[in-house]
Every structure is written in structure tokens, then in C-alpha cells.
Amino acid sequence: MNLILIGYMASGKSTIGKKAAELLNFDFVDLDNYIEEKENLSVSEIFKLKGEIHFRKLEQTYLKELTNNLDKTIISLGGGTPCFYDTMSWLNKLDNLTTIYLKASLDVLTNRLHKDSSRPLIAHLDTKEALKDFIAKHIFERSFFYNQANIVVNSVDSEEDTLSNLMEKLV
């Protein structure tokens, strides 16, 4: 059994995923980090040098590799991964995994991302208001895909509370 964490940037997928993996005695893989290791490039460099479509194809390739070869693993996906190709319907058809949407509020996401300029999709936004508008639009576009997850967990300001919310849903 594998668990797939989905959600918007800064929803807590990597942070909560690592902590949940420890509690469940699972392994943890961050798909973006996995891609960076395999490609010897950062996600930002891949976006800049080869474009978003190339990156989305890499996500598909490596996600299939991971889901075919791992067990008892929590895999954290990039925020856009579920929204391209047939990723959510494909994942939800697999018997050996459960998809989990870490759902964070617009304010929580804005506050977390306002402190982080390293993400390629938001690096060009220079005010908190522009960031909030961008996130709101993106969440609206992506929520159709995110809401297809098997389980929805509220991701709140407190990591402990988010982890508790997740563990309650898994029991």
C-alpha cells in the first residue's frame, strides 16, 4: 500500500508526508526531489531550460516508475501533477494506493508562499495581493482534480493538527 499526497504548493505535502511516514513506518519520496535527482537539474532549471510541458511529462514518467516499484511509501506530488494528463483517474484506479488531498485555505497558502520565492510558478509575483489572486485562480482551476482524491484532509497552520487530521482519516 502506498499513499499519494496531493494539494497546492505549500499545503504541507512534504512536511506532513515525512512525519506521517515516520509514524506509519513507511518510506517517503518527494516527486520533485526524485525528478531533480534523476535529471541532475532543479525543478526551476527544468522549467527554464525545457519548459513546463517537458516537466509535466517527466512527472508522469517518474510517478509511474515509483508507483510500480514501491510499497509502504508516501509519495508527495507537486501541486500541478494531478492536473495534467489523466493522473487522478489513473491513480484512483490503482489497487495499491490511496490518494489524499491536503486542503489548505487561501490565507494559509498565501502566508506560507509569501515567504518563499524559490517556486518557479510564483517567482514573478511581487506583492502579497498578486500572490493571493494567483493562488485563488489556480485553486479554482485545480480543485476539480484535487477533489477526486480518495481522502480530503484539512491542512491548517499547525503541523501537529494537520498530521492529526491525516492520521484520523487513515484509521
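For the structure, see preceding data.
As the structure is a computational prediction, the values presented were derived from the model and not from experiment. (Residues numbered from 1 in each chain as written. Predicted model: local features only at pLDDT ≥ 70, side-chain atom pairs only at ≥ 80, totals over all residues. Heavy atoms only, no water.)

Peer 1: Would you mind showing me how to read the overall build of the chain here?
Peer 2: Helix and strand content of the chain: eight helices and five strands. For the chain, the α and β elements follow one another from N to C terminus as β-α-β-α-α-α-β-α-β-α-α-β-α. In terms of overall size, the chain behaves like a compact globule, its C-alpha atoms giving a radius of gyration of 15 Å where 171 residues would be expected to give roughly 16 Å. Of all 171 residues assigned to the chain, the portion counted as buried reaches 44%. Here the chain has roughly 8800 Å² of accessible surface; of this, 50% comes from carbon and sulfur atoms. Side-chain charges in the chain split into 20 positive and 25 negative, and the spacing between the mean points of these groups amounts to 3 Å. (Helix = DSSP H or I, 4+ residues; strand = E, 2+ residues; numbered from the N terminus. Rg over C-alpha atoms; globule rule 2.2 N^0.38 Å. Buried < 20%, exposed > 50% of the residue type's maximum accessible area, 1.4 Å probe, protein only. Areas by Shrake-Rupley, 256 points an atom, 1.4 Å probe, with all protein chains shown as cover. Lys, Arg positive; Asp, Glu negative; His and termini not counted. Charge placed at Lys NZ, Arg CZ, Asp CG, Glu CD.)

Peer 1: Explain the nonpolar core here, please?
Peer 2: The nonpolar side chains of a soluble globular protein tend to be buried, and buried together. If you look at the biggest cluster of nonpolar residues, it comprises 36 residues, and the most contacted ones within it are Ile-6, Tyr-8, Leu-77, Leu-91 and Leu-113. Among the secondary structure elements, those contributing two or more residues to this core are β1 (2-6), α2 (31-39), α3 (43-50), α4 (52-69), α5 (87-93), β4 (97-104), α6 (106-114) and α7 (128-146). Looking at which element gives the most residues to this core, the answer is α4, with five residues. What Leu-77 contacts, discounting residues up to four positions off in sequence, is Ile-4, Leu-5, Ile-6, Lys-13, Leu-31, Leu-63 and Leu-91. Formed by 14 residues, the second largest nonpolar core is a distinct cluster that contains Leu-3, Ile-74, Leu-163 and Met-167. (Core = buried A, V, L, I, M, F, W, Y, C linked by side-chain atoms within 4.5 Å. Contact = heavy atoms within 4.5 Å.)

Peer 1: Even after reading the chapter, I still don't get the packing of α3 against α4, so can you show me in this structure?
Peer 2: When two helices pack together, you describe them by how their axes are tilted relative to each other and by the distance separating the axes. Running from N to C, α3 and α4 point in directions that differ by 130°, and their axes come no closer than 7 Å. Of the possible angle classes, the one that applies to α3 and α4 is oblique. Here α3 contributes Val-43, Ile-46, Phe-47 and Lys-50 to the contact with α4, which in turn contributes Glu-52, His-54, Phe-55, Arg-56 and Leu-58. When the residues that make up the contact of α3 with α4 are grouped by side-chain class, the tally is five nonpolar, one polar and three charged. (Axes fitted to C-alpha atoms, helices over the stretch in contact; angles between N-to-C directions. Parallel < 35°, antiparallel > 145°, perpendicular 65-115°, else oblique. Nonpolar A, V, L, I, M, F, W, Y, C, P; charged D, E, K, R; others polar.)

All quantities given are derived from atomic positions and should not be read as evidence of function.
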